[in-house]
Amino acid sequence: MKCSQFLQELTDYLDGVIDDKTRAELEDHLHWCRNCYVVVSTTKQTIEIYRDSKLYEIPDDLRSRLHSAIMSKCAAHKKNPEKKA
Amino acid sequence: MNSLNPTAMPPIQSKGTEAVTEELALVQAAKRGDIGAFEQLVKRYDRNVFRIAQHITQNREDAEDVVQDAFLKAYQNLESFQEQSKFYTWLVRIAVNEALMRLRKRRTAKTVSIDEDVQTEDDAIPREIADWSPNPEQLYDQSELKDILGKTIKGLPPTFRTVFVLRDVEGLSTEETAEALDLSVPAVKSRLLRARLQLRDRLSKYFGKKSSRSNQP
C-alpha cells in the first residue's frame, strides 16, 4: 500500500468505519511507515484537542441574556404569528 | 519500530445520541403551543448552536445573532419540521445557514457557500511530519493553547471549518453532518479529511518536535 492510498482511507480508519481486511492492510502499512504513523497519531490528537478544548464555550451571563432574548421573541411570535423575522 | 502501537488507538466515535423520544415529546408539545417545552429545547442546545456559530463566523457579535435568529426561526417554522430526522440536526441546519449568511455579509466581495469547490491539488498532502512530543498540554498553558487553536481553525476555509466542527467537535455522525449541510456523504468525508489534515499540518508548526522538522520528506 502506498502512503497516498493510506491517506485516502484515513478518515474511515480514524472513525472506525472500515472493513477488517482494509484495516489489516492499513495497520500493516503503519508498522513500517513512520511518516503515516506520525500523521495518524497527530491527526487523532488534533481531533481530540479541539473536542476537549472548550474553545468557544458560551459564558453564563451571555447565555442567560441570549436565553431571555430568544424566549421573549418566541413569546411575541406566539402572540402575533403573522410577523416573522 | 513505533513506540506506540497504532492498533491500540481506539477509533474516533460520534458522541452518544440524545434521548430521541424525549426530544420528540418536547417538539410535539412545542408544536401544540407549549412554549415551556421549546424553552427546554433552547436550554438543551444553545451551547452547541453558539459553538457552531462562533466556529463558522469567527465573530462573537455574529455568533450571538445567529443563536437568537436560529432558535427564533426554528420556533416560527416548527410546523414544517417533519420529525423524520432529529430536531437537533434540523436546528443545526438552520444555524449553519444563518452563520454562513452572516459570514457572507462580512465578506461582501467573496461569496461563501457550503457548496463551493475548495479543492486544490495538494491540500490533502501532509507537509509537517514531526511528531508531537511533549504533548501540547505540556508545551503550553490553557490560555496559550486556546489562542493557538483559535488562530489555527480561523485560517481554515469556512466550508472546512463547518464540516470539522459538526463532525469532530459536536460529534454529529457523517450522515447527520451530510443531512445538516445538504451534502453527500462522500463530500462530507472528503472535506473532513482535508480539514483534519490541514489543521494537523498547521498545528504541527506549534507542537512538532523542532529536531524533526529538518527530516521532512
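Keep in mind that this is a model prediction, so the values were computed, not measured.

### Quick look at the packing of helix 4 (residues 87-106) of chain B against helix 7 (residues 158-169) of chain B
Residue and element names in this part refer to chain B.
Line of reasoning, step 1. Relative to each other, helix 4 and helix 7 sit at 155°, their axes nearing to 12 Å. Here helix 7 runs roughly antiparallel to helix 4, going by the angle between their axes. Helix 7 is crossed by helix 4, and the crossing has right-handed handedness. The residues of helix 7 that touch helix 4, namely those facing Val 92, Val 96, Leu 100 and Leu 103, are Pro 158, Arg 161, Thr 162 and Leu 166.
Line of reasoning, step 2. Grouping the amino acids of the contact of helix 4 with helix 7 by side-chain chemistry returns 6 nonpolar, 1 polar and 1 charged.

### Examining the packing of aromatic side chains
Line of reasoning, step 1. This structure, assessed with the given rule, holds 12 aromatic pairs over all chains.
Line of reasoning, step 2. Ring geometry for Tyr 50 of chain A and Phe 164 of chain B: centres 5.4 Å apart, planes at 85°, overall edge-to-face. Residue Tyr 50 of chain A is found in helix 4 (residues 34-52), and its partner Phe 164 of chain B is found in helix 7; the two belong to separate chains. Here the two residues Tyr 50 of chain A and Phe 164 of chain B agree in accessibility, since each one is buried.
Line of reasoning, step 3. Taking 5.1 Å as the distance between ring centres and 80° as the angle between the ring planes, the aromatic pair formed by Trp 132 of chain B and Phe 207 of chain B counts as edge-to-face. One end of the pair, Trp 132 of chain B, is in the loop between helix 4 and helix 5 (136-139); the other, Phe 207 of chain B, is in helix 9 (residues 185-207), and 75 residues separate them in sequence. In terms of burial, Trp 132 of chain B and Phe 207 of chain B fall into one category: buried.

### Structural notes on the pattern of salt bridges
Line of reasoning, step 1. The full count for this structure, using the stated rule, is 22 salt bridges over all chains.
Line of reasoning, step 2. The partner of Glu 25 of chain A in a salt bridge is Lys 21 of chain A, with the nearest N and O atoms 3.1 Å apart. Here Glu 25 of chain A pairs with Lys 21 of chain A, and both are found in helix 3 (residues 20-32), just 4 residues apart, close to one helical turn.
Line of reasoning, step 3. A salt bridge links Glu 170 of chain B to Arg 51 of chain B, with the nearest nitrogen and oxygen atoms 2.6 Å apart. Here Glu 170 of chain B is found in the loop between helix 7 and helix 8 (174-181), whereas its partner Arg 51 of chain B is found in helix 2 (residues 35-57), with 119 residues between them in sequence.
Line of reasoning, step 4. Arg 51 of chain B gets classed as buried once you look at its relative accessible area, which sits at 12%.
Line of reasoning, step 5. Among the charged side chains, a network of salt bridges with common partners joins Asp 15 of chain A together with Arg 167, Asp 168 and Arg 196 of chain B.

### Section: the nonpolar core
Line of reasoning, step 1. Leu 10 and Tyr 50 of chain A together with Phe 38, Phe 71 and Phe 87 of chain B are the most contacted members of the largest nonpolar core, which has 87 residues in total.
Line of reasoning, step 2. Of the residues forming this core, the biggest block, 11 residues, is contributed by helix 4 of chain B.

### As for helix 3 (residues 60-76) of chain B
Line of reasoning, step 1. Its 17 residues give helix 3 of chain B an end-to-end C-alpha distance of 24 Å, which sits within 8% of 24 Å, the value for a rise of 1.5 Å per residue.
Line of reasoning, step 2. Of all 17 residues in helix 3 of chain B, 13 are buried; the element is thus mostly enclosed.

### Structural notes on the domain arrangement of chain B
A common way to report how large an interface is uses the accessible area buried once the components associate.
Residues and elements named next belong to chain B.
Line of reasoning, step 1. Examined at the domain level, chain B breaks down into domain 1 (17-106) and domain 2 (136-209).
Line of reasoning, step 2. In this structure, domain 1 and domain 2 have C-alpha centres spaced 22 Å apart.
Line of reasoning, step 3. Taking both partners together, domain 1 and domain 2 bury about 1400 Å²; carbon and sulfur atoms supply 61% of that area.
Line of reasoning, step 4. Ranking the residues of domain 1 by area buried against domain 2 places His 55, Gln 58 and Arg 93 at the top, with a combined share of 38%.
Line of reasoning, step 5. For the interface between domain 1 and domain 2, the tally reads 3 salt bridges.
Line of reasoning, step 6. For Glu 176, the salt bridge goes to Lys 86, with nearest N and O atoms at 2.7 Å.
Line of reasoning, step 7. At the surface where domain 1 touches domain 2, the tally comes to 7 residue pairs in polar contact (both at pLDDT 80 or more).
Line of reasoning, step 8. Elements that contribute at least two residues to the side of domain 1 that touches domain 2 include exactly helix 2 and helix 4.

Calculation criteria
- Residues numbered from 1 in each chain as written.
- Chains lettered and ligands numbered in written order.
- Predicted model: local features only at pLDDT ≥ 70, side-chain atom pairs only at ≥ 80, totals over all residues.
- Heavy atoms only, no water.
- Axes fitted to C-alpha atoms, helices over the stretch in contact; angles between N-to-C directions.
- Helix = DSSP H or I, 4+ residues; strand = E, 2+ residues; numbered from the N terminus.
- Parallel < 35°, antiparallel > 145°, perpendicular 65-115°, else oblique.
- Left-handed = near helix turned anticlockwise from the far one by under 90°.
- Contact = heavy atoms within 4.5 Å.
- Nonpolar A, V, L, I, M, F, W, Y, C, P; charged D, E, K, R; others polar.
- Phe/Tyr/Trp six-rings, centres within 6.5 Å; stacked < 30°, edge-to-face > 60°.
- Buried < 20%, exposed > 50% of the residue type's maximum accessible area, 1.4 Å probe, protein only.
- Salt bridge = Lys/Arg side-chain N within 4 Å of Asp/Glu carboxyl O.
- Core = buried A, V, L, I, M, F, W, Y, C linked by side-chain atoms within 4.5 Å.
- Expected span 1.5 Å × (residues − 1).
- Domains from an automatic or database assignment.
- Buried area = accessible area lost by both parts, 1.4 Å probe.
- Polar contact = N/O pair within 3.5 Å; in protein donor to acceptor, adjacent residues only side chain to side chain.

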